[in-house]
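So the chains spell out like this:
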Amino acid sequence: LADAADFPEVCGSGSGPFPPSPAPSPSPVPPPPTPGGQCVPSKRGPRCYSDAECDGLPGCVRCAHSGYCTDIPLRRRMNFLAELDR
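These lines cover the structure that appears in this document, whether it is placed above or below. Remember, predicted model here, so these are calculated numbers, not experimental data.

Thresholds applied
Residues numbered from 1 in each chain as written. Predicted model: local features only at pLDDT ≥ 70, side-chain atom pairs only at ≥ 80, totals over all residues. Heavy atoms only, no water. Disulfide = S-S within 2.5 Å. Helix = DSSP H or I, 4+ residues; strand = E, 2+ residues; numbered from the N terminus. Buried < 20%, exposed > 50% of the residue type's maximum accessible area, 1.4 Å probe, protein only.

## What to know about the state of the cysteines
Tallying each qualifying case throughout the model produces three disulfides. Two residues share a disulfide in this structure: Cys 39 and Cys 60, whose sulfurs sit 2.0 Å from each other. Residues Cys 39 and Cys 60 are joined through a disulfide that is right-handed, its torsion about the S-S bond being 95°. Taken together, the residues span a long stretch of sequence, with Cys 39 in the loop between α1 (7–11) and β1 (62–63) and Cys 60 in the loop between α1 and β1 at a distance of 21 residues. Cys 60 shares its class with Cys 39; the two are buried. Put simply, Cys 48 and Cys 63 are joined by a disulfide, and their sulfur atoms are 2.1 Å apart. Of note, the bridge from Cys 48 to Cys 63 carries an S-S torsion of about 95° and is right-handed in sense. Placement of Cys 48 in the loop between α1 and β1 and of Cys 63 in strand β1 is noted, with a sequence separation of 15 residues between them. On the basis of relative accessibility, which here comes to 14%, the residue Cys 63 falls in the buried class. In the chain, the cysteines engaged in disulfides, taken in order along the sequence, are linked 1-4, 2-5, 3-6.

In structure tokens:
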């Protein structure tokens, strides 16, 4: 530690600019949508805003929260449909 009298010389005046903050790391890039209006495993389906837009597209079961059709059913929906089959 520096003596109080030597502090500005040793540590600087403190009035200069602060070092820049590190840049945030980039977000992972999502896979591109699949062409042709279909859903395939491990790929984004077509852009959507509601489940109705994904109905009838090959392999698609719903519109995911990401705004793309997906082939992955919601667990809650799967349980509900299983109850209907009983």
